[in-house]
Amino acid sequence: MSTQPTLLRHASRLGSLVSLASLSACSPVVLNPAGDIAKQEASLVVTATLLMLIIIVPVMALTVYFAWKYREKAGARYEPEWHHSTQLELVIWAAPLMIIIALGSLTWVTTHTLDPFRPVSRIAEGKPLAADAKPLEVQVVALDWKWLFIYPEQKIATVNELALPVDRPVHFSISASSVMNSFYVPALAGQIYAMPAMTSELNAVLNKTGTFDGFSANYSGSGFSHMRFKTHGMTDADFDQWVANVAKGGDKDSAGALDTVAYLQLEQPSEKEPVRHFTAVADGLFDKIVNLCVRPGKMCLKDMMALDARGGTGKAGIFNVAALTYDKNGRETTIPVIPGRGGQQADARTKAFVRAICVPDGVKTPVPADAAKLSLASPARTPLS
């Protein structure tokens, strides 16, 4: 007799035991989070599940009951002419209808209450927000493949590390550098998408000290699985000390100041990035990231839209293809190119009409004599023509 079936049975049992052991070690952070917004979301999930079980459990139980009652040789009453019961129809339709009404009402209220753009109205259940409470501002940028956190008021920034004071509202402004991503700290709140050239918002509050996991919840390329970071819940005193330590560069993770050049280097795709602390941040950096004009010589999207609103620039705009090309890691450049002429460069001083109207911050003259020096990262291919 072959021993293969026996071995397969033992392997199956062993796999089941391992699975149970691994599940027992999991921390149900989604249902037991550390932030008030996440707790309200968890309560919504539990309440909705229980409401649906009011239908699911009886249906499953009746399925087993009917299979047993009307099994062969059970002697159940045979009624081939039966086709309708008003009482049964009322139960079948009324019960799901009531559940749908309850779920719809609950979802409508909580969807508006937990709107991520809506400022928090309380610190925790039974603990209202003080009238003079000021939220902490944190700007989040999803890069390939790491997270950048900018603290504009503290003028510091970090890579793959987020520190938050407990019991203080936090307002996140969330964007991305290249592709759509998703910012998610299960212990804090639900996931929020990060999109290039756009800003999403999230208002939340952390109620417990400790370290919590954060990660990307949207596939964004080969390094996606390593887009993880730690979120540290701190007391106010510990947070202030952490900020001061980062600002003075007093730790092994210090990486100096985050200026335009440093950001353009950081923006390049990389995986498994270690934690980094930046002692200072260039003014308006997040705004330039959102408007795709960090690189000097690029026109900001808001300036381009303002020009379009005034009717555009007509034929003068044909010499600004390069300044308005935002493709990452391929055709992006700042050297003016004449469209339709095989990538022939235009006169950098006299042809960039639109760029002369909107001068990016940090560029003292509209177009320097040597425009090629503006490109801080060489394009991988010939500029768009």
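The preceding data block contains the structure.
First things first, this report covers the structure right here in the doc. (Residues numbered from 1 in each chain as written. Predicted model: local features only at pLDDT ≥ 70, side-chain atom pairs only at ≥ 80, totals over all residues. Heavy atoms only, no water.)

1. Here's the deal with the overall build of the chain
The criterion, for reference: Segments assigned H or I by DSSP are reported as helices when at least four residues long, segments assigned E as strands when at least two residues long, and all are numbered from the N terminus. Relative accessible area decides the class of each residue, using a 1.4 Å probe on protein chains only: under 20% of the type maximum gives buried, over 50% gives exposed, and in between gives partly exposed. In this analysis, two residues are considered to be in contact whenever any of their non-hydrogen atoms come within 4.5 Å of each other.
When its secondary structure is counted, the chain shows eight helices and 15 strands. Looking at the 385 residues of the chain, the share that counts as buried comes to 37%. Considering only intrachain contacts with a sequence separation of at least 6, the fraction spanning at least 24 residues in the chain is 65%.

2. A short note on the environment of K208
In this structure, K208 sits in the loop between β10 (200–205) and β11 (210–216). When the C-alpha atoms of K208 and D36 are compared, they prove to be 9.9 Å apart, with 172 residues separating the residues in sequence. Not counting the four nearest positions on each side in its chain, K208 is found in contact with N32, P33, A34, V166 and G233.

3. Section: the nonpolar core
We count it as follows: Throughout this description, the term nonpolar core refers to a set of buried Ala, Val, Leu, Ile, Met, Phe, Trp, Tyr and Cys residues connected via side-chain atoms within 4.5 Å.
Core analysis: the largest hydrophobic core is formed by 38 residues, its most contacted members being V138, Y151, F172 and F183. Within the residue set of this core, elements represented by two or more residues are β3 (136–143), β4 (146–151), β6 (161–165), β7 (169–176), β9 (192–194), β10, β12 (228–234) and α4 (236–247). Excluding its chain neighbours within four sequence positions, the residues that come into contact with F183 are V140, W147, F149, L162, F172, I174, G190, Q191, I192, L202, F215 and F229.

4. What about the packing of aromatic side chains?
Where we set the bar: Two aromatic rings from Phe, Tyr or Trp, using only the six-membered ring of Trp, form a pair when their centres are within 6.5 Å; if the ring planes differ by under 30 degrees the pair is stacked, by over 60 it is edge-to-face, and anything between is tilted.
The final tally for this structure, using the stated rule, is 13 aromatic pairs. With centroids separated by 6.3 Å and ring planes inclined at 65 degrees, the aromatic side chains of F149 and F183 adopt a geometry described as edge-to-face. Of the two residues, F149 is situated in strand β4 and F183 in strand β8 (residues 181–184); the sequence distance between them amounts to 34 residues. For the pair shown, F149 and F183 are each scored as buried. For the pair Y151 and W242, a centre-to-centre distance of 5.7 Å together with 65 degrees between the ring planes defines the contact as edge-to-face.

5. Quick word on the environment of L164
Mapped onto the fold, L164 is located in strand β6. Placed 72 residues apart in sequence, L164 and D236 show a C-alpha to C-alpha distance of 8.7 Å. When neighbours within four sequence positions are excluded, L164 is seen to be in contact with L136, V138, V170, F172, L188, L206, T231, H232, G233, M234 and F239.

6. Section: helix α2 (residues 36–69)
Put simply, the test is: Expected helix span is given by 1.5 Å per residue-to-residue step, counting one fewer step than there are residues.
Here α2 is 34 residues long and its end C-alpha atoms lie 49 Å apart, about the 50 Å a rise of 1.5 Å per residue gives. When we look at burial in α2, the residues that qualify are D36, I37, A38, A42, A48 and L51. Looking at the buried side of α2, the elements it contacts are α3 (86–113), β1 (122–124) and β10.

7. Focus: the sheet that holds strand β5 (residues 156–159)
Under the convention used in this document: By definition, two strands form a pair when at least two bridges between them are found by DSSP. Fitted lines through C-alpha atoms give the axes, limited to the stretch in contact for helices. The angle between two N-to-C directions lies from 0 to 180 degrees.
Read from one edge to the other, the open sheet built from six strands follows the order β10-β7-β3-β4-β5-β14, with strand pairing classed as mixed. Every interior strand has two partners, whereas the edge strands, β10 and β14 (276–278), have only one. On average, adjacent strands in this sheet sit at an angle of 20 degrees to one another, irrespective of strand direction. With five bridges connecting them, β3 and β4 associate as antiparallel partners.

8. Brief notes about the state of the cysteines
Stated precisely, the cut-off is as follows: The criterion for a disulfide is a pair of cysteine sulfur atoms lying within 2.5 Å.
Scanning the model with the defined rule gives one disulfide in all. The disulfide that involves C293 links it to C300, with 2.0 Å between the sulfurs. Its S-S torsion of approximately 80 degrees makes the covalent link between C293 and C300 right-handed. Pair check on accessibility: C293 and C300 agree, each one buried.

9. Observations regarding the sheet that holds β8
With respect to topology, five strands assemble into an open sheet ordered β6-β12-β11-β8-β9, the strand pairing being mixed. Every interior strand has two partners, whereas the edge strands, β6 and β9, have only one. Adjacent strand axes in the sheet meet at a mean angle of 25 degrees when their direction is disregarded. Relative to β11, β8 is paired through two bridges, and the arrangement is antiparallel. By the bridge assignment for β11, Y184 is matched with F215. Set on the sheet, α4 makes contact with β6 and β12; between it and β6 the angle comes to about 140 degrees.

10. So, the pattern of salt bridges
Once the charged atoms of two side chains with opposite charge are near each other, the side chains can pair. Going by this rule: When a carboxyl oxygen of Asp or Glu is within 4 Å of a side-chain nitrogen of Lys or Arg, the pair counts as a salt bridge.
With the rule as written, the count across this model stands at eight salt bridges. In this structure, the salt-bridge partner of K134 is E153, at a minimum N-O distance of 3.6 Å. Residue K134 is located in the loop between β2 (127–128) and β3, and its partner E153 is located in the loop between β4 and β5; the two are separated by 19 residues in the primary sequence. For E153, a relative accessible area of 35% corresponds to the partly exposed category. A salt bridge links E273 to R276, with the nearest nitrogen and oxygen atoms 2.3 Å apart.

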